[in-house]
Amino acid sequence: MPEALLKNVQEMLNEEKWTRATISNYSTNQFKELDILLKEARDARAYDELKQLCDEHLVHTKNSIIALYLSGMIALSRQLIDDSAMVNLATIFVDNHKWSIVKYLCERILDYGESKFALRTLAECYKNDNEEASIYDIWERLVKVDYEEADLAKALGEYYEKQAKIEEAVDYYKKALHRYINKALFTNVREIWAKLIEYNKDDIDFFLHVQKKIAKNINKDKAVLLLNDVYIYCKEKSDIDTAINICKIILQYDERDEPARKEITECFRLKYAGHSQLEEYIRISNLTQKYRNVHEAITDFEKHIAFDKGNFVFHRTWGIGRIAEVKGDKIIIDFAKKRDHSMDLKMAVNALQTISKNHIWVLKATQKKEKLHDRVKEDPVWALKTVIRSFNNTCDIKHMKAELVPSILSSGEWTTWSGKAREVLKVDPSFGVSPDNIDIFTVRDRPISIEEKLYNEFKAERNFFERVVTIRSYVSQKDVELDSEYFTEMFAYFSAYLRTKGQITEYVVASYLLVKDLVVRYPHLGAGLSLNFIEIFESIEDVASLFLSLKDAKLKEEFLHHIQLFVPDWPEIYVKLFPFALSASIIASLKKEGYEDKLIAMTQYCFENYRDHREIRDAVIWILKNLEDESWFKKTGLTMERKLIVLIHILNITYREIENHRDTTENRKINKQVYALLFKGNVLNIFIDDADPDTITRIYTLIEDVKDLDPADKLNLRNRILQKHPAFKFIGDTEKTIVSRGLLVTMSKFEEKQRELAHIMDVEVPLNSKEIGYALSLGDLRENAEYKAAKEKQDLLNSAAAKLKDEIERAQLFDPSTINLNRASFGTKVLLTNESTGENEEYTILGPWESDPDNRIISYLSPLGGAILNKKVGEKFSFSINDEKVSYAVKEITAVSF
């Protein structure tokens, strides 16, 4: 079937060439017939061969109508970015005024997604046919895909304005404004600005946002000129706070702008009209005097104006206070423990922090804790706004926690509450983020759209891969507008990486994968971009390192998928990448394509070279967890003993790496997984139960050599061996009575000390840290009893923890199976006869941790314990107590029951 089809096309191409068919002979019907041929080629899976045939024909016959159409349509159906064949074809018929064919070709291009060329050309067709209504529809589509098209956006705004559809008109005027700003065409900008002031004057945030772009792209003087229009409107509607903010922006651009200085002074007079000291504070701040720096004057005035009767202040020692009275240059303040305190105004401005009545500190000082607690829990939106506004409208989660825990919420309540709060901060349009730091939250005076919120987060985010997440979230919004300035700027950030020359970094690869994904969904985004994965891949110096640098799971999967699609030797690359990727898709692809031999070789390689790289050790664990049940795995020849030996070696290697502070976090993770496989998964015990003595010796010797392994685990394994193999003899066993180093302890006491240390570190130390933090918040440390007490407790806890850690590190677990009743030793009960009185005395010999003299349990390190140690039945010895010498005879030695 494909051969016949290709032969037919070759004949058509030859006939076209030989007969030199003229353009006038073509009609839309002939292209419809070619569409039928394309369908046959698709069904026969002959697209690649057909495109190759046409492309080869175009090399020497560049204007072949048939070849251009077939090659161009196949490229479009494959979502390839190169649409040059269809563009050339349509241009041929435009030049010959064959508008019906041009229209058909444009519509076929648009069947596969929006195209700026097709839309512009189609608009020209409608213009020739006098179809005005259709032209506006095409213009709307064109404005959405051509982010530089400003004139058509303006024309659409005027079109809808005439129809009294003001909302649609404003939308297009905004697009036109942004695009004229980008082109630095101020005359057009001012014309559109006036339209928006007329129809959209309440969208103050929009104007304040746009003026920044005008100042940057055109100049600051032009921004000031337009800001004056917004200022006049705000003042007329008594939005004094916004009017003051606009004056401050103007003065930032030009601090010598006298009209702006006069206007901000007038606005201050309007805002603080009822303030008892208004004119005095204007005077002493020199706000109206030209010789004083205007920014210093504004700051000085705003500091002073906050001091009025009834306002709250904060002092670092005396805490929250309320201004009771202002008398000239004297202020009377009521603090909780210092009422009627008098201060000079100058001193107050420098020593006190003015705070609003809704400040979280004021609320904590003036409201009952129970009432505040309930409101914070029940209304997280109110609580978030209160805390954020309390600190100059900028606050991060860590600061919020410090303000709420433990003074209002407990640690447990915070965990639940903070989860809800994070969700509110994420979706509530009343909250935004700082443009300089994604972790700093702000409260918006006017709610913003989720698209603008995401755009602001994108701008504030400094991490490349977090920006990837943000643009994905933006695109996932319902009815998202990809022609908005927000998306345009975000998309441009990534597409710029594709235009850079030089080394291929993880950012270039990530941008390619992201942009390619977006272009597949929205083809018009690909205009002007060259996307070729093979060229990018061949320029990567270290594929494994680059893969690890892709800090996004979806991008990593896309990278692997593209390697399989476009790189001929992808199986070899997959095998090399596997230890770094640990991806199930790699295994699935190799298996599906019949590369089991490579899977076997890859697994064997990992088990042979695990000592060389941490990533390979990680791969060994992944393989054992996920692939042991695969049918091909049995062909690797890996015995259970071999797998256990490798795991024990990895355990030992990771302990050493952790001790040497190399890749500590990653090695702890591997260590934890290996430990779980060996000891918690019962794999080791099951193997030991059925193993022969030589195998047990090899395995146990390896375990014994892992010096940082918990002695309890070694002891448990030893007991398991003796339980299942009672006759087994351990290499090097001797009559042990006491270890030469460390502290001999029982298992129960060892676990008890571990629990005691954990309680100090996990419960008491964090609680003490909170006590210190609370004490610090009380102010002056010189007279702060709470702080001193908390620091003393901290010293005690640190001392106790250090002592416990030292003892636990020195502890050596006692193995009950090693008790030797030939001599008195650790773990034995010794019956003595006091030869002076003839009475019998029984002592249990254990360690310092277990010592209980009242019950005759003594430490082997005590004087009496040391005297008894190593004595045999019938042996006599003397011991001095309080200068009195007592003679004993050993009558009986028995084992302690553990």
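Worth saying up front: this structure is predicted, and the values here are computed from it rather than measured.

Engineer: Provide a residue-level description of the overall build of the protein, including the pertinent values.
Structural biologist: Regarding its fold elements, the protein presents 42 helices and 14 strands. For the protein, the spread of C-alpha atoms along the three principal axes comes to 130 × 100 × 40 Å. When the 898 residues of the protein are sorted by exposure, 47% land in the buried category. Sequence-distant contacts in the protein: of pairs separated by 6 or more residues, those separated by 24 or more amount to 58%. When the 129 basic and 145 acidic side-chain charges of the protein are each reduced to a single mean position, those positions are 3 Å apart.

Engineer: Would you mind going over the environment of Asn350 in detail, with residue names and values included?
Structural biologist: Tracing the backbone shows Asn350 in helix α18 (residues 345-351). For Asn350, a relative accessible area of 62% corresponds to the exposed category. One polar contact links the side chain of Asn350 to the main-chain carbonyl oxygen of Lys346, over a distance of 3.2 Å.

Engineer: Could you give an account of the pattern of salt bridges, naming the residues involved and the relevant values?
Structural biologist: Here the structure, examined in full by the defined rule, presents 44 salt bridges. Note that Asp203 is salt-bridged to Lys174, the shortest N-O span being 2.9 Å. Of this pair, Asp203 sits in the loop between α11 (186-199) and α12 (204-217) while Lys174 sits in helix α10 (residues 166-182), and the two are 29 residues apart along the sequence. Look at Asp203 and you get partly exposed, because its relative accessible area is 25%. Linking Glu489 and Lys459 is a salt bridge whose minimum nitrogen-to-oxygen distance equals 2.7 Å. One end of the pair, Glu489, is in helix α26 (residues 485-495); the other, Lys459, is in helix α24 (residues 450-460), and 30 residues separate them in sequence. Within the structure, one salt-bridge network assembled from shared partners comprises Asp35, Arg108 and Asp111.

Engineer: Report on the confidence of the model for the protein, specifying residues and quantitative values.
Structural biologist: Per-residue confidence for the protein gives a mean pLDDT of 88, with 96% of residues at or over 70. Every residue in residues 733-741 is under pLDDT 50, and counting partners more than four places away or in other chains gives 13 contacts.

Engineer: A description of the sheet that holds strand β10 (residues 828-834) should follow, citing residues and the corresponding values.
Structural biologist: Taken in spatial order, the five strands of this open sheet run β12-β11-β10-β14-β13, and their pairing is mixed. Single-partner strands in this sheet number two, and they are β12 (857-859) and β13 (876-881). Pairwise comparison of adjacent strand axes, ignoring direction, gives a mean angle of 45° for this sheet. As paired elements, β13 and strand β14 (residues 884-895) share six bridges and run antiparallel to each other. For Lys876, the partnering residue across the bridge sits in β14 and is Ala889.

Engineer: Quick rundown of the pairing of strand β11 (residues 840-846)? Include the residues and the values.
Structural biologist: Burial of β11 is extensive: five of the seven residues sit out of reach of the surface. Both β10 and β11 contribute to a ladder of six bridges, which runs antiparallel. Residue pairing for β11: Val830 is matched across the bridge by Tyr843. Joining the antiparallel neighbours β10 and β11 is a turn of five residues, in which Gly838 adopts a positive phi near 80°. Pairing analysis gives three bridges linking β11 to β12, with the strands arranged parallel. Within β12, the residue paired with Thr844 across the bridge is Ile857.

Engineer: An account of the nonpolar core is requested, with residue identities and associated values reported.
Structural biologist: As a rule of thumb, soluble globular proteins bury nonpolar side chains together. Grouped together as the largest cluster of nonpolar side chains are 118 residues, with contacts concentrated most on Phe31, Leu50, Tyr69 and Phe307. Take this core: its biggest share by element is nine residues, from helix α4 (residues 65-77). Every residue in contact with Phe307, bar those within four places of it in the chain, is listed here: His275, Tyr281, Val313, Ile323, Val326, Ile331, Leu345, Ala348, Val349, Leu352 and Thr354. Core analysis: the second largest hydrophobic core is formed by 100 residues, Ile600, Ile616, Ile653 and Phe730 among them.

Engineer: Describe the packing of helix α31 (residues 570-581) against helix α32 (residues 584-592), with residues and values.
Structural biologist: Packing of α31 against α32 leaves a shortest axis separation of 9 Å and a crossing angle of 155°. Taken as axis vectors, α31 and α32 run roughly antiparallel relative to one another. Pair α31 / α32 crosses with left-handed handedness. Note on element contacts: α32 touches α31 through Ile586, Ile587, Ser589 and Leu590, opposite Trp570, Pro571, Tyr574, Val575, Phe578 and Ala581. Split into classes, the residues belonging to the contact of α31 with α32 amount to nine nonpolar, one polar and no charged.

Engineer: Just give me the short version of the environment of Leu832, but keep the residues and values in it.
Structural biologist: Inspection of the secondary structure puts Leu832 in strand β10. Sequence separation between Leu832 and Ile772 is 60 residues, and the spatial gap between their C-alpha atoms is 55 Å. In contact with Leu832, other than residues within four places in its own chain, are Glu839, Asn840, Glu841, Tyr843, Ile868, Phe877, Tyr888, Ala889, Val890 and Lys891.

Conventions we followed
- Residues numbered from 1 in each chain as written.
- Predicted model: local features only at pLDDT ≥ 70, side-chain atom pairs only at ≥ 80, totals over all residues.
- Heavy atoms only, no water.
- Helix = DSSP H or I, 4+ residues; strand = E, 2+ residues; numbered from the N terminus.
- Buried < 20%, exposed > 50% of the residue type's maximum accessible area, 1.4 Å probe, protein only.
- Contact = heavy atoms within 4.5 Å.
- Lys, Arg positive; Asp, Glu negative; His and termini not counted.
- Charge placed at Lys NZ, Arg CZ, Asp CG, Glu CD.
- Polar contact = N/O pair within 3.5 Å; in protein donor to acceptor, adjacent residues only side chain to side chain.
- Salt bridge = Lys/Arg side-chain N within 4 Å of Asp/Glu carboxyl O.
- pLDDT = per-residue confidence, 0-100.
- Pairing = 2+ DSSP bridges.
- Axes fitted to C-alpha atoms, helices over the stretch in contact; angles between N-to-C directions.
- Core = buried A, V, L, I, M, F, W, Y, C linked by side-chain atoms within 4.5 Å.
- Parallel < 35°, antiparallel > 145°, perpendicular 65-115°, else oblique.
- Left-handed = near helix turned anticlockwise from the far one by under 90°.
- Nonpolar A, V, L, I, M, F, W, Y, C, P; charged D, E, K, R; others polar.

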